[in-house]
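One letter stands for each residue in the lines below.
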Amino acid sequence: MKVFISRRDPRVSHNRFAVRVLSLAIAALPGLAMAADEIGCSASGSGNQTASDCNKTVSGALTTSDKLTGGFAESTGSVGTATASGNTAILTGGTFVEISGGLAEFTGTTGSATASNNVVRATDVSRVTGSYGGFDTIITGGDARNTGTGFATANANKVYITGGDVGYLVYGGEARFFLNSNYGSGAADASSNIVEIVDATGLFDVYGGDTDTYGDGEATSNNNQVTLTRSTVTSHGVSGGSAESENVATANNNTVSVTGSTVAGNIISGEVEGKGNASGIANNNKVTVTGSTLLGLGTDSDGDADGGVYGGDAEADGGDATANNNTVTISNSTIADYVEGGSADASNGVGTANDNVVTVENSRIGGSILGGDIDTSASGTATGNTVILIGKVDIAGSLEGGSGDSCTDCLTDNALIIRPDQAVISGGASTGYGITVGGNLQNFASFHFDLPNTIKSGDVIVNVTGAATAAKVGQLDIADGGTALSTGDTLVLVRAAGGLSEAAVPVDGSTVQGRQGALLTHTYRLDVNGTTANDFTATVQGSGASEESKSLVEGVLGATAQVLDGADLVSDQGVSLAVAGASATGGDGGGASFGTTSVGNTRYNTGSHVDTKGWSLIVGASTGIKVAPGTLTLGGFFQYGHGSYDSVNSFTTGKVKGSGDTTSYGIGGLARLDFDSGYFLETSLRVGKVDSDYKGNVGGIRASYDIKAEYHVYGRLPFCKRKSEGKKWCDCIRISDL
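The model shown is predicted, which means the values in this text are computed figures rather than measured ones.

Chemist: Please clarify how the overall build of the protein should be interpreted in this entry.
Modeler: Counting secondary structure elements, the protein contains two helices and 61 strands. In the protein, which comprises 738 residues, the share counted as buried stands at 54%. Within the protein, counting contacts between residues at least 6 apart in sequence, those at least 24 apart form 76% of the total. For the protein, the computed accessible surface area is about 27600 Å², with 51% contributed by carbon and sulfur atoms.

As C-alpha cells, this is what we get:
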C-alpha cells in the first residue's frame, strides 16, 4: 500500500482555475479595452476576422497601457471565425501586465477561435505587481478563447523569455471555451507550442500547451516543449501539455526540460483530467531534470506534498485513465516529493500505467519512486516499467516498479536496473554503494546489476529501511579492472531491515551468470535471507572465460593474415619476377630490379567469420650466377602491407562484432637454383614487424588493444620440375612462424 494518495491537491487545482477566471474577467474591466493596448494589428466585428503577420516591438516601459499584443482578432457575430496567426510581440527591458503574440476571441454562437504560429520575445522584463486586484502578469504565445460552439485552437506558438522578474502565468499556447464568465462548448487543441525561459525569476505556472473544454468537446495538448534554464518558479510548477475535458482529454508526446533551476510545485510533462465520464490519456511524454531543486508547496488534507516529477499524469472521474510509455530522467537534483513515470487515476474506470521508464542519477528523492502507478476502484495494470538508479540515490519513500489500489497486475516485466558508484566509506569501512530506500522495495519482476570494479566480497549494494521482495536477477556484471572475485565471495544485493521475501517466481537457490570485465564469467548462487535473515545475496560458485572472449583473438588472426598475404606475394610472384629479371640480363652476374603489388580480400571461417581486405607490395633487386648444375638467382627485397578486418561471432547472448587495421613491413631475401635438367629449388626468408589493433563490444563492454610484434617467415623449399609449357608441378611446403 503506497502512502501517497494523489499528487493533485484539489485545493491547488481549484485555486489555479480561480486564478484563470479572475485574470480573464479582469481583462474586460473598463479602461483596459484592447483599443488602448500596444498592439500590432487588430480586426473586430461580425463574421470572419483575421489579424495575421503583424509585429509590435516595445523597448522600455509600455507607453499607453500595460498590455502588449502582436495581433488581435475578435468575431462577435452569431457565425464566424477569429484568427490571429503569424504575429510577433517583443518587449525589452519594460514592465507589463499581459503579453500575447496572438489573441483570438469568438463570442458568437457557432464558430472558431484560432491563435497559431505567433511569437513572444521578452528580455529583462518586470512584472507590474498589485495589478488587476492583486493578480500579476500573463505571457501567452497564442491565446484562443471561444464562448460559442465550435473550435478553439492554439498551435505552434513560441514564447522566448530571457532574464527579468516575470511573475504569474506563462503559456506557449492556450485554447479554452471561457471568456469573461461566459462558457462555450467544443473541441480545444493546444499543440506543438514551444516555451524557452532562461535566467528568469518570479514565474508562477509555466505551460507548453493548455486546453479547457466543456460539453462534448475533446481537449488535446500534444507535442509541446518547455525548456527552463537557471530560472525560478515560485508556485504550482511546470507542465508540458495540459488538457481538461468532459469528453476525451489527451496530452501526448510533450517534452519538459529543467536545468539549474528551482521549482516550487510539480513538474509534469503531460497531464490530463477527464471530467464526468470522459477518459484521460497521457502517453509518450518526456521530462528531464538536471541540477535542479523541486520544493514542496506544503501539504494537503492527506498529508501529501507537492514538489514531484511525473512523466504522464492521467485522471478520469468516470472513464479510463492511461499513462503509458512516458520517460522521466533526473540527475544531480533534489526532489521534494514523488517521482513517477506514469500515473493513472481512474475513479470509476480502468487505470493503465505501463512501459514507463524512470532514471535517477546522483539525486535525493523526498518521496517514492514509482515506475507506474494506478489508483482505481475498478481494475488496472502497471507493468513493463523500468526504474534505473545510477550513482548515489537516496529515496526517502518506497521504490516500486508498479503500484496502486485495485491493481490487477503491478509486477509483470517491471525491471530495476542498478548502476552504483563507488562505495560510501565511513570510519574506514564500506557502508554500502549509496543506493538507499527509506520505504519498501517491491513489485519488480527482475533486478539488473551493473557494478563498479571496486566491488568486493561482503559489500552491500542496496540498503532498504522497510521490507523488500527479492526478484529474478537478469544481470550481475562487474566493470573491467580491479580485483576479480573468487569462489566463495558473496555480494549482498539487497539488505532489507524490515524483512525480505520472494516474489511470485522463487529465486532462492537459483543460479545466474555474470561478467567481470570482458573476459571473466562468474556463476553465482542466489540466496534469500542468505548472509543474515534480511539479505538477498549472490555467492560465486565458479569462474571461467566468457564465450564472447573468442572475438578478442581475432585481432591476432588479422595480423597473421596480413603477414601470410605478404608471404604468398613473395613466393607466388616475387621469386618468378626476380628470376625473370636476372635472366633478362644474361643470367650471369647481371642485376635487375623487380616489384609487384596485390589487392584482395579473404574470409576466414572461425565458427562465425573474419573478413580481411588489404594490399601488399614488394620491391627489390636480383642477380643470376652460372653454377655447375645450372643457374642460381639471388635477390633482396622490401615488403609493405596494409589492410583491415571485420569479425562477426554469434553467441547465445547475441552477436559480437569486432574490427581493426593491420600494417606490416620488413625485408627479405630469396634464392632459386634452376637445374639444366628442368628441375629447380627455391626458398625465401622475411623478417619484419606487424602492427594490428582491435575494437569491439564484448558482452556490452568496449574492448580494444594494439598488437606490435616481430615476425619471421620462411618460404617454401620445394623440388619441382618445369613442364614444357612453362608450368610447374610439385607438392610445395611452406613453413611459417609468427
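This is not the end of the story, as more comes after the structure.
Chemist: I keep staring at the side chain of N224 and nothing clicks. Help me out?
Modeler: Note that N224 resides in the loop between strand 18 (219–220) and strand 19 (225–229). Polar contacts involving the side chain of N224 include one to the side chain of S221, which spans 3.1 Å. With residues up to four places along the chain from it excluded, the contact list for N224 reads A190, S191, S192, N193, G208, G209, G240, G241, N253, N254 and T255.

Chemist: Whenever I open this one, the confidence of the model for the protein confuses me. Can you help?
Modeler: One rule of thumb: low pLDDT means the predicted coordinates there are not for detailed reading. Across the protein, the average pLDDT comes to 82, with 83% of residues at or above 70. Under a pLDDT of 50 for its full length, residues 130–136 has, in the predicted model, 15 contacts with residues more than four places off or in other chains. The low-confidence segment residues 724–738 (pLDDT under 50) makes 35 contacts with residues lying over four places distant or belonging to another chain.

Chemist: Help me understand the state of the cysteines, please; the structure alone is not making it clear to me.
Modeler: Each disulfide is one covalent bond, formed between the sulfur atoms of two cysteines. Using the criterion set out here, one finds two disulfides in the structure. Residue pairing for C41: its cysteine sulfur links by disulfide to C54, the two sulfurs lying 1.9 Å apart. Classification of the bridge connecting C41 and C54 rests on its S-S torsion, roughly 100°, and on that basis the disulfide is right-handed. Taken together, the positions of C41 in strand 1 (residues 38–52) and C54 in the loop between strand 1 and strand 2 (55–59) put the pair 13 residues apart, joining distant regions of the chain. The same class applies to C41 as to C54, namely buried.

Chemist: Would you explain the packing of aromatic side chains in this entry?
Modeler: We describe a pair of aromatic rings using the distance from one ring centre to the other and the angle between the two ring planes. In this structure the tally under the stated criterion is five aromatic pairs. On the basis of an interplanar angle of 80° and a centroid distance of 6.2 Å, the ring pair of F447 and F449 is categorised as edge-to-face. Grouping residues by exposure puts F447 and F449 together as buried. Three or more aromatic residues joined by ring pairs make a cluster, and in this case those are F444, F447, F449 and F536.

Chemist: Explanation requested: the pattern of salt bridges in the structure shown.
Modeler: Should the charged atoms of two oppositely charged side chains come close, the side chains can pair. Counting across every chain of the model gives 17 salt bridges. Across the salt bridge formed by R176 and D143, the nearest N and O atoms sit 3.3 Å from each other. Taken together, the residues R176 in strand 12 (residues 169–176) and D143 in strand 9 (residues 138–146) connect sequence positions 33 residues apart. Of the two residues, R176 and D143, neither departs from the other in class, the shared state being buried. Across the pair K708 and D706 runs a salt bridge whose closest N-O atoms are separated by 3.8 Å. A residue is classified by how much of its surface remains accessible, and K708, at 64% relative accessible area, is exposed. Each member of the salt-bridge network shares a partner with another, and the members are K67, E98, E105, D143, R145, E174 and R176.

Chemist: Even after reading the chapter, I still don't get unusual backbone geometry, so can you show me in this structure?
Modeler: In most cases, non-glycine residues show a negative phi, while peptide bonds are predominantly trans. Its identity is not glycine, yet N117 carries a phi of approximately 60°, on the positive side. Tracing the sequence through the fold places N117 in the loop between strand 7 (110–116) and strand 8 (119–127). Here N117 falls in the partly exposed class, since its relative accessible area comes to 46%. Its identity as a non-glycine residue notwithstanding, N325 has a phi of 60°, on the positive side.

Chemist: I keep staring at the pairing of strand 35 (residues 369–376) and nothing clicks. Help me out?
Modeler: In regular strands, side chains alternate between the two faces of the sheet. When you tally the buried positions in strand 35, you get eight out of eight residues, the bulk of the element. Direction of pairing for strand 32 (residues 339–346) relative to strand 35: parallel, over a ladder of seven bridges. Paired with S343 across the bridge in strand 35 is D373. The pairing of strand 35 with strand 38 (residues 399–405) spans six bridges and is parallel. Looking across to strand 38, one finds that I374 is bridged to G404.

Chemist: Please explain the environment of G173 as it appears in this structure.
Modeler: Mapped onto the secondary structure, G173 falls in strand 12. In this view, G173 contacts G142, A154, N157, A190, N193, G208, G209 and D210; residues no more than four positions away in its chain are not counted.

Chemist: What exactly am I supposed to notice about the side chain of E74 here?
Modeler: Examined against the element boundaries, E74 turns out to sit in strand 3 (residues 67–85). Despite its burial, E74 pairs with no opposite charge; the closest candidate is R145, at 8.9 Å N-O. Within the structure, the side chain of E74 is placed 2.7 Å from the side chain of S44, a separation counted as a polar contact.

Chemist: Whenever I open this one, the nonpolar core confuses me. Can you help?
Modeler: As a rule of thumb, nonpolar side chains are buried together in soluble globular proteins. Among the nonpolar cores identified, the biggest contains 78 residues, and I369, L389, L399, L493 and F536 are the most heavily contacted of them. The next biggest cluster of nonpolar side chains, apart from the first, holds 18 residues, and it includes A51, C54, A84 and A113.

Chemist: How do you make sense of the environment of G397 when you look at a structure like this?
Modeler: For G397, the location among the structural elements is in the loop between strand 37 (386–395) and strand 38. G397 sits 44 residues away from L441 along the chain, and the two C-alpha atoms are 9.4 Å apart. Residues in contact with G397, not counting those within four places in the same chain, are G366, G367, S368, V437, G438 and G439.

Chemist: Sorry if this is basic, but what is going on with a nonpolar patch on the surface here?
Modeler: Taken together, the side chains of V619, F638, Y665, I667, L685 and V687 make up a nonpolar region of the molecular surface, amounting to roughly 520 Å² of accessible area. Where the nonpolar patch is concerned, the elements lending two or more residues are strand 56 (654–675) and strand 57 (679–698). Along the polypeptide, Y665 turns up in strand 56.

Chemist: Would you take a moment to explain the pairing of strand 32 for this structure?
Modeler: Within strand 32, eight of the eight residues are buried, which leaves the element mostly enclosed by the surrounding structure. As paired strands, strand 28 (residues 309–316) and strand 32 are joined by seven bridges and run parallel to one another. Among the inter-strand pairings, D313 is bridged to a residue of strand 32, identified as S343.

Each value, and the rule that gives it
Residues numbered from 1 in each chain as written. Predicted model: local features only at pLDDT ≥ 70, side-chain atom pairs only at ≥ 80, totals over all residues. Heavy atoms only, no water. Helix = DSSP H or I, 4+ residues; strand = E, 2+ residues; numbered from the N terminus. Buried < 20%, exposed > 50% of the residue type's maximum accessible area, 1.4 Å probe, protein only. Contact = heavy atoms within 4.5 Å. Areas by Shrake-Rupley, 256 points an atom, 1.4 Å probe, with all protein chains shown as cover. Polar contact = N/O pair within 3.5 Å; in protein donor to acceptor, adjacent residues only side chain to side chain. pLDDT = per-residue confidence, 0-100. Disulfide = S-S within 2.5 Å. Phe/Tyr/Trp six-rings, centres within 6.5 Å; stacked < 30°, edge-to-face > 60°. Salt bridge = Lys/Arg side-chain N within 4 Å of Asp/Glu carboxyl O. Pairing = 2+ DSSP bridges. Lys, Arg positive; Asp, Glu negative; His and termini not counted. Core = buried A, V, L, I, M, F, W, Y, C linked by side-chain atoms within 4.5 Å. Patch = residues over 30% accessible without salt bridge, like charges linked within 9 Å, V, L, I, M, F, W, Y side chains within 5 Å.

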